[in-house]
Amino acid sequence: MGIRDTILATVALALCLLTLAGIVSTDVYSHTAGAEAKGLGALQREVLSGTQLAAASASEMAASAGAAR
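Quick caveat, the model's predicted, so the values are computed rather than measured.

Asker: Whenever I open this one, the overall build of the chain confuses me. Can you help?
Answerer: When helices and strands are tallied, the chain shows three helices and zero strands. Starting at the N terminus and walking to the C terminus, you meet the elements of the chain as α-α-α. Residues counted as buried form 1% of the 69 residues belonging to the chain. Only carbon and sulfur atoms are counted for the fraction: they give 71% of the accessible area of the chain, which is about 6,000 Å².

Asker: Looking at this structure, I do not really get the environment of Ser 25. What am I missing?
Answerer: The residue Ser 25 is located in the loop between α1 (2-24) and α2 (27-49) in this model. With relative accessibility at 58%, the residue Ser 25 sits in the exposed group. Here the side chain of Ser 25 touches Gly 22 through a polar contact of 3.0 Å, landing on its backbone oxygen.

Asker: Even after reading the chapter, I still don't get the confidence of the model for the chain, so can you show me in this structure?
Answerer: In regions of low pLDDT, the predicted coordinates are not meant to be interpreted in detail. Of the residues in the chain, 72% reach a pLDDT of 70 or more, and the chain-wide mean stands at 81. Of all helices and strands in the chain, the one with the weakest mean pLDDT is helix α3 (residues 51-68) (62), whereas α1 scores best (94).

Asker: What is the right way to look at a nonpolar patch on the surface in this model?
Answerer: Together, Ile 3, Ile 7, Val 11, Leu 15 and Leu 18 make up an exposed nonpolar region whose accessible area comes to about 530 Å². Mapped onto the elements, Leu 18 comes out in helix α1.

Asker: Help me out: how do you make sense of α2 in this one?
Answerer: In an α-helix, one turn spans 3.6 residues, which is why side chains three or four residues apart end up on the same side. The end-to-end C-alpha distance of α2 is 33 Å, a good match for the 33 Å that 23 residues give at a rise of 1.5 Å each. Of the residues trailing α2, Gly 50 is marked for its positive phi of about 70°.

Conventions adopted
- Within every chain, residues take consecutive numbers counted from 1 along the sequence as written.
- Local features in a predicted model are, by the rule used here, given only for residues with pLDDT of at least 70; side-chain atom pairs are given and counted only at 80 or more, and totals for whole chains, interfaces and linings are based on all residues.
- The side-chain values count all of the structure's non-hydrogen atoms but skip hydrogen atoms and water molecules.
- Counting from the N terminus, the helices are the DSSP runs of H or I reaching at least four residues and the strands are the DSSP runs of E reaching at least two.
- Think of it in three bands: with a 1.4 Å probe and only protein chains considered, a residue is buried below 20% of the maximum accessible area for its type, exposed above 50%, and partly exposed in between.
- For the area figures, the Shrake-Rupley method with a 1.4 Å probe applies, and any residue is considered shielded solely by the protein chains shown.
- Between N or O atoms, a polar contact is any pair within 3.5 Å; within protein, one atom must be a potential hydrogen donor and the other a potential acceptor, and residues adjacent in sequence are included only when both atoms are from side chains.
- Per residue, pLDDT measures the predictor's confidence, with a range of 0 to 100.
- A patch consists of residues whose relative accessible area exceeds 30% and which take part in no salt bridge; residues with like charges are grouped when within 9 Å of each other, and nonpolar side chains (Val, Leu, Ile, Met, Phe, Trp, Tyr) when within 5 Å.
- We count a salt bridge whenever a side-chain nitrogen from Lys or Arg sits within 4 Å of a carboxyl oxygen from Asp or Glu.
- To estimate how far a helix should reach, multiply one less than its number of residues by 1.5 Å.

Written as structure tokens, this is what we have:
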């Protein structure tokens, strides 16, 4: 039983690696990875600048304080 489980696990791992290599080598993956990197860069700039974030949190605090009364 142990040898059969080892062989099955090895075959499953090889199939997973082959599938992953196929996905990574496509143009769709590279396009998606590039879009994600651009989005992350935009998010970092927005958070580090903090201007809109501070304005949004101030207006949310004012709205929640008015709703609590």
